[in-house]
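Read off the chains here:
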Amino acid sequence: ITLTAPIPSPAKNPGSALRSRLFHRILVAVDDSKQASWALDVAAELSVELSAQLALVHVIRPPVMGSAPEGMYSSPSLEDAMCEEAKSLLQALTKRCPAANPETLLRHGDPADQIIAAADGWNADLIVIGTHGRGTLARLLLGSTAEAVIRRAPCPVLTIALPHAHLYAGHT
């Protein structure tokens, strides 16, 4: 787990200090990857434990189908199908965390840009995002949505690279 901002230290009563001083609006970036699923698990648990609002954001990257003399274009029917698939994904993910009662946000464009814009527009005070945990060379060659979000986010970012059960392995 990587948290990119300091967490306020609890005073005499750690439980109440965490609930009153920490995060109230948690935004989790989701797609159909296992890393996003792990991030959702953590975000949902945090939102319930902290009595925080939860929003799931999914970003559709516009498809580019072919070229024409005037530039690139995409198929409206493909975009419609992608929107329907995204709505189904958000609906299914929402059902996985009923106790958190999450809102859903569907955005179009560059994933990092849209996650940041959603966090800003929704007034999130924490972003939770899954990461593949690639090394430096892979990030340089492939880029990383999580890294771009971390660098430009308007609030702290919690990255999740392991399944939830592994986060607490060996702790009681």
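Criteria and thresholds
In this convention, every chain numbers its residues from 1, walking through the sequence in written order. With the structure being a predicted model, the display of local features is reserved for residues of pLDDT at least 70 and the display and counting of side-chain atom pairs for 80 or more, all residues being used for whole-chain, interface and lining totals. Excluded from the side-chain calculations are hydrogens and water; all other atoms, namely the structure's heavy atoms, are used. Simply put, an axis is a line fit to the C-alpha atoms, just over the touching stretch for a helix, and the angle between two N-to-C directions goes from 0 to 180 degrees. We count a stretch as a helix when DSSP gives it H or I for four or more residues in a row; a strand needs E for two or more, and each element gets its number in order from the N terminus. Under this scheme an angle from 65 to 115 degrees is roughly perpendicular, one under 35 degrees roughly parallel, and one over 145 degrees roughly antiparallel; angles in between are oblique. Working rule for handedness: look at the near helix, and if it is turned counterclockwise from the far one by less than a right angle, call the crossing left-handed; if clockwise, right-handed. Note on contacts: a residue pair is in contact if any heavy atoms of the two residues lie within 4.5 Å. Type-normalised accessible area, obtained with a 1.4 Å probe on protein chains alone, sets the label of each residue: buried when under 20%, exposed when over 50%, and partly exposed for intermediate values. Strand pairing follows a simple DSSP-based rule, namely that at least 2 bridges must link the two strands. Put simply, a nonpolar core is a bunch of buried Ala, Val, Leu, Ile, Met, Phe, Trp, Tyr and Cys residues held in one set by side-chain atoms that sit within 4.5 Å of each other.

K.L.:
Explain the packing of helix α4 (residues 111-122) against helix α6 (residues 145-152) to me, and be specific about the residues and the numbers.
P.N.:
At a minimum axis separation of 9 Å, α4 and α6 run at an interaxial angle of 40°. Put simply, α4 runs oblique to α6. Considering only the axes of α4 and α6, their crossing is right-handed. Side by side, α4 and α6 meet where Pro-111, Ala-112, Asp-113, Ile-115 and Ile-116 of the first sit next to Thr-145, Ala-148, Val-149 and Arg-152 of the second.

K.L.:
Break down the pairing of strand β3 (residues 53-60) for me, with residues and values.
P.N.:
A large share of β3 lies buried, amounting to seven of its eight residues. Here strand β2 (residues 25-29) pairs with β3 via five bridges, running parallel. Looking at β3, one finds that Arg-25 is bridged to Gln-53. For β3 and strand β6 (residues 103-108), the ladder comprises six bridges, and the chain directions are parallel. For Val-59, the partnering residue across the bridge sits in β6 and is Arg-107.

K.L.:
Describe unusual backbone geometry, listing the residues and the values that go with them.
P.N.:
Positive phi values are uncommon outside glycine, yet Asn-101 reaches one of about 45°. Residue position: Asn-101 is located in the loop between α3 (76-95) and β6. If you check the backbone angles, Asn-123 has positive phi at about 60° while not being a glycine.

K.L.:
How would you summarise the pairing of strand β7 (residues 126-130) if you had to cite specific residues and measurements?
P.N.:
Where burial is concerned, most of β7 is hidden: five out of the five residues are buried. Neither face of β7 is open: one carries Leu-126, Val-128 and Gly-130, the other Ile-127 and Ile-129, and all of them are buried. Inspection of the sheet shows β2 paired to β7 by three bridges, in the parallel sense. Bridging across to β7, Leu-27 finds its partner in Ile-127. Bridging between β7 and strand β8 (residues 157-160) involves four bridges; their strand directions are parallel. Across the sheet, Gly-130 pairs through a bridge with Ile-160, a residue of β8.

K.L.:
Explain the nonpolar core to me, and be specific about the residues and the numbers.
P.N.:
Looking at soluble globular proteins, one finds that nonpolar side chains tend to be buried together. Counting 24 residues, the largest nonpolar core has Ile-26, Val-28, Leu-54, Leu-56 and Val-128 as its most contacted members. Elements represented by at least two residues in this core include exactly β2, α2 (34-49), β3, α3, β7 and β8. With six residues, α2 is the single largest residue contributor to this core. Those residues in contact with Ile-26 that sit more than four places away from it in its chain are Ala-43, Leu-46, Ser-47, Ala-52, Gln-53, Leu-54, Ala-55, Trp-122, Asp-125, Leu-126 and Val-128. Judged by nonpolar contacts, the second largest core, of 19 residues, contains Val-57, Trp-122, Cys-155 and Val-157.

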